[in-house]
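# Topology and contacts: notes
In case you want the letters, here they are:
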Amino acid sequence: MKPSVALRIGIAMGVAGLLWLAITTNMLATALAALTHVIYLFVYTPMKRRTPFCITAGAISGAIPPMIGWVAARPVVDPGAWVLFGILFLWQMPHFLAIAWMYRDEYAQAGFVMLRRNDIGGFSTAFESLCHTAALTVVTLLPPLLKMTGYIYLPGAILFDAVIFACAVQFLMRRDRGSARRLFFASILYLPCVLGLLVFTKA
């Protein structure tokens, strides 16, 4: 497919999606979807060749969609919406940092700046993963306090948090491909488990 054709298809699908949201939901959901497009296309994508902070920008873009669903049902950005944003944002950081470390050579060859240039041993990458995982643990314990779920949610959330936190600690201690892979796969299992728990224990 020619780049020009891909561009036209992408623009058409993006506009169609925004129009569909505007017709079927509300303008707040539509505005958040438009913001997602802007951040992903005009902030995250250009940053990939310039700075490792592109991962943070990408995580912001990737964390907005749950808020779109929330405000489509109730047109207000309340604490529940921010909890969903926080979970998705913080989850993406160890998830993508693990990927970036596993494939650091391939990213570098392609000209993508995903890691700090002086992080030869991976300490900064692994430490950042651990810090975001710790923050993720805190945020996932908030739903019962906000009456989003019953307290039956807590044991499951604590279990899932303990698993991904242990993997993040191991990544910090070893900083090798194997520990990064374990953190990556733990993150893949973690998200649907926590989100499913939110749904099934909804207050």
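In this report, we go over the structure that sits alongside the text. (Residues numbered from 1 in each chain as written. Predicted model: local features only at pLDDT ≥ 70, side-chain atom pairs only at ≥ 80, totals over all residues. Heavy atoms only, no water.)

### Some words on a nonpolar patch on the surface
- A grouping of Leu 7, Ile 11, Val 15, Leu 19 and Ile 23 is seen on the molecular surface, where their side chains present a nonpolar patch of about 520 Å² in accessible area.
- With respect to the element layout, Leu 7 can be found in helix H1 (residues 3-24).
- Judged by relative accessible area, Leu 7 falls into the exposed class, the value being 54%. (Patch = residues over 30% accessible without salt bridge, like charges linked within 9 Å, V, L, I, M, F, W, Y side chains within 5 Å. Areas by Shrake-Rupley, 256 points an atom, 1.4 Å probe, with all protein chains shown as cover. Salt bridge = Lys/Arg side-chain N within 4 Å of Asp/Glu carboxyl O. Helix = DSSP H or I, 4+ residues; strand = E, 2+ residues; numbered from the N terminus. Buried < 20%, exposed > 50% of the residue type's maximum accessible area, 1.4 Å probe, protein only.)

### Some points on the packing of helix H4 (residues 79-102) against helix H8 (residues 177-200)
- The N-to-C vectors of H4 and H8 enclose an angle of 160°; their axes lie 8 Å apart at closest approach. In terms of axis orientation, H4 runs roughly antiparallel to H8. Between H4 and H8 the crossing geometry is left-handed. Touching Leu 84, Ile 87, Leu 88, Trp 91, Pro 94, His 95, Ala 98, Ile 99, Trp 101 and Met 102 of H4 are Arg 177, Ala 180, Arg 181, Leu 183, Phe 184, Ser 187, Ile 188, Tyr 190, Leu 191, Leu 195 and Leu 198, all from H8. (Axes fitted to C-alpha atoms, helices over the stretch in contact; angles between N-to-C directions. Parallel < 35°, antiparallel > 145°, perpendicular 65-115°, else oblique. Left-handed = near helix turned anticlockwise from the far one by under 90°. Contact = heavy atoms within 4.5 Å.)

### A short note on the packing of aromatic side chains
- One pass over the structure, following the stated rule, counts 6 aromatic pairs.
- Centre to centre, the rings of Tyr 107 and Phe 112 are 6.4 Å apart; their planes meet at 70°, and the pair counts as edge-to-face.
- The rings of Trp 82, Phe 85 and Phe 89 are connected pair by pair, giving a single aromatic cluster.
- Between the NZ or CZ atom of Lys 48 and the centre of the ring of Phe 112, over which it lies, the distance is 4.8 Å.
- Above the face of the Trp 101 ring, Arg 104 is positioned so that its terminal group lies 3.8 Å from the ring centre. (Phe/Tyr/Trp six-rings, centres within 6.5 Å; stacked < 30°, edge-to-face > 60°. Lys NZ or Arg CZ within 6 Å of the ring centre and 35° of its normal.)

### Quick word on the pattern of salt bridges
- Scanning the entire structure with this criterion turns up 2 salt bridges.
- Two residues, Asp 78 and Arg 74, come together in a salt bridge whose shortest N-O distance is 3.6 Å.
- Accessibility expressed as a relative area gives 17% for Asp 78, which makes it buried.
- For the salt bridge of Glu 128 with Arg 116, the shortest nitrogen-to-oxygen distance reads 3.1 Å. Within this pair, whereas Glu 128 is found in helix H6 (residues 123-140), its partner Arg 116 is found in the loop between helix H5 (104-110) and H6, the two being separated by 12 residues in sequence.
- Looking at Arg 116, the relative accessible area reads 35%, which means it is partly exposed.

### Here's the deal with the layout of surface pockets
- For the largest pocket, the calculated volume is near 440 Å³.
- For the largest pocket, the lining is made up of 23 residues, of which Thr 36, His 37, Tyr 40, Leu 41 and Ser 61 are closest to its centre.
- Only H1, helix H2 (27-47), helix H3 (54-73) and H4 provide two or more residues apiece to the lining of the largest pocket.
- Of the residues forming the lining of the largest pocket, the biggest block, 7 residues, is contributed by H2.
- Looking at side-chain class alone, the lining of the largest pocket contains 14 nonpolar, 8 polar and 1 charged residues.
- When its volume is computed, the second largest pocket comes out at roughly 330 Å³.
- Lining the second largest pocket are 15 residues, and of these Trp 70, Arg 74, Met 148, Leu 198 and Lys 202 lie nearest its centre.
- Sorting the residues of the lining of the second largest pocket by element identifies H4 and H8 as the ones contributing at least two each.
- Considering only residue class, the lining of the second largest pocket consists of 9 nonpolar, 2 polar and 4 charged. (1 Å grid on protein atoms, 1.4 Å probe; cavity = no way out; pocket = protein on both sides within 12 Å on 5 of 7 lines; lining within 4 Å. Points joined across faces, edges and corners; volume = space filled by probe spheres on them. Nonpolar A, V, L, I, M, F, W, Y, C, P; charged D, E, K, R; others polar.)

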